[in-house]
Amino acid sequence: MPIMMRALATTLLVATTTAVAVAQSIDLSTCSMVDLTHAYGPSTVFWPTSPTRFELEKLAYGKTEGGFFYAANSLRTPEHGGTHLDAPIHFFEGGQTTEQVPLERLIAPAVVIDVTGRAAADRDYRATADDVLAFEKTHGRIEKGTIVLLRTGWSRHWPNAKAYLGDDTPGDASKLSFPSFGADAARLLVEDRGVAAIGIDTASIDYGRSTDFQVHRIVAAKNVPGLENLTNLDRLPPRGALVIALPMKIEGGSGGPLRAVALVPGRSR
Ligand SMILES: [Zn+2]
């Protein structure tokens, strides 16, 4: 918590009001808000083996007998699809379930490591520990409690499942191809830097060709959640944003649909 507060103080204007109680608040007039979330709908991209997709069923829409308008839907969705959280239990028996993931891991200062050039040259690119170290050389050491976002540029393919996943054969996940974190980068971030969470603008924190899901296993074993299918990472600075990534609080969940946003200091837009 103290680390997070320190980082906040350096990145966001903290206004102090006096009087009876001394309260600190973030001055939103000095921040822009960036939505890191794809909308859920018929075109939402799911893993090819997912037996179900996002479904919104209309229960009511229109004028009631009382003369007023009323709308309500029922929704059904896999936990893992669209912009979503991977809770640690997704790949670690005994790991935290969705509702148990501490808020400190979901609301935290973020850094954005940009590998768009490498990913454009190699769609199976895996970010390395050297990529993390190169980032730190320019932007400073990644502090404990940071949310580390990897920007591959892949959200430009959304929602074209074939371009985004590399293959869109229903029921077959054996030919997927997209970039993500590599195992040595994940180990450095999670085991050495003690990051709060890692996130990615592709479908998985493991690259598409992975069959052993090493990154998922490395981070889950440390109770570090993953944020997948993020978007708009190009609108975040390398450091200085505050990310708020809150999933639906599913009891016993292995993940869940996520509304991820960022507060970015400065009114650049
Ligand atoms: Zn997932």
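Residues numbered from 1 in each chain as written. Predicted model: local features only at pLDDT ≥ 70, side-chain atom pairs only at ≥ 80, totals over all residues. Heavy atoms only, no water.

**Some words on the coordination of the zinc ion**
- Listed as protein donors to the zinc ion are H80 (ND1), H84 (NE2), D86 (OD) and E228 (OE); their distances from the metal cover 1.9 to 2.4 Å.
- Mapping the donors of the zinc ion onto the primary sequence gives the spacing H-x3-H-x1-D-x141-E. Separated by 142 residues along the polypeptide, D86 in strand β6 (residues 84–86) and E228 in strand β12 (residues 226–228) bring together distant segments of the chain. Taken individually, D86 and E228 each receive the classification buried, so the pair is uniform in this respect. (Donors = N, O, S within 2.8 Å, 3.2 Å for Na, K, Ca; no water. Helix = DSSP H or I, 4+ residues; strand = E, 2+ residues; numbered from the N terminus. Buried < 20%, exposed > 50% of the residue type's maximum accessible area, 1.4 Å probe, protein only.)

**Describing helix α3 (residues 129–139)**
- Buried within α3 are the following residues: A129, D131, V132, F135 and E136. Looking straight down α3, one finds its buried side chains confined to an arc of 160°; they lie on one side. Across α3 from its buried face, at more than 90 degrees, point the exposed residues D130, K137 and T138.
- Each element contacted by the buried residues of α3 is listed here: β7 (107–114), α2 (116–121), β8 (126–127), α5 (183–192) and β13 (239–247). (Arc of directions from axis to C-beta. Contact = heavy atoms within 4.5 Å.)

**A closer look at the pattern of salt bridges**
- Under the defined criterion, the tally for this structure stands at ten salt bridges.
- One salt bridge connects E55 with R76, and the closest N-O pair in it is separated by 3.6 Å. Of the two residues, E55 sits in strand β4 (residues 55–63) while R76 sits in strand β5 (residues 69–76), which places them 21 residues apart along the sequence.
- Residue classification places E55 among the partly exposed residues on the basis of a relative accessible area of 39%.
- The class for R76 is partly exposed, based on a relative accessible area of 48%.
- The salt bridge partner of R118 is D131, with a shortest N-O separation of 2.9 Å. Residue R118 is found in helix α2, and its partner D131 is found in helix α3; the two are separated by 13 residues along the sequence.
- Overlapping salt bridges bring together E136, R141, D192 and R193 as one network. (Salt bridge = Lys/Arg side-chain N within 4 Å of Asp/Glu carboxyl O.)

**Some details on the packing of α3 against α5**
- Following both chains from N to C, one finds α3 and α5 inclined at 50°, their axes separated by 7 Å at the closest point. By the angle between their axes, α3 is oblique relative to α5. Packed against α3, whose contacting residues are A129, V132 and L133, the element α5 presents D184, A185, L188 and L189 at the interface.
- Tallied by class, residues from the contact of α3 with α5 come to six nonpolar, no polar and one charged. (Axes fitted to C-alpha atoms, helices over the stretch in contact; angles between N-to-C directions. Parallel < 35°, antiparallel > 145°, perpendicular 65-115°, else oblique. Nonpolar A, V, L, I, M, F, W, Y, C, P; charged D, E, K, R; others polar.)

**Some points on the packing of aromatic side chains**
- Throughout the structure, instances matching the rule amount to five aromatic pairs.
- Here W158 and Y164 contribute two aromatic rings whose centre-to-centre distance is 5.1 Å and whose plane-to-plane angle is 85°, an arrangement assigned as edge-to-face.
- Using a relative accessible area of 14% as the deciding quantity, one classes W158 as buried.
- The residue whose ring lies beneath K58 is Y61, and the NZ or CZ to ring-centre distance is 4.9 Å.
- Its end group placed over the ring of Y207, R126 keeps NZ or CZ at 4.1 Å from the ring centre. (Phe/Tyr/Trp six-rings, centres within 6.5 Å; stacked < 30°, edge-to-face > 60°. Lys NZ or Arg CZ within 6 Å of the ring centre and 35° of its normal.)

**Examining the environment of W47**
- Relative to the helices and strands, W47 resides in the loop between β3 (31–35) and β4.
- C-alpha separation for the pair W47 and G81, spaced 34 residues apart in sequence, amounts to 6.8 Å.
- Other than its neighbours up to four places away in sequence, W47 contacts A173, L176, F178, A203, S204 and F213.

In short, the description is geometric, and any link to function would need to be established separately.
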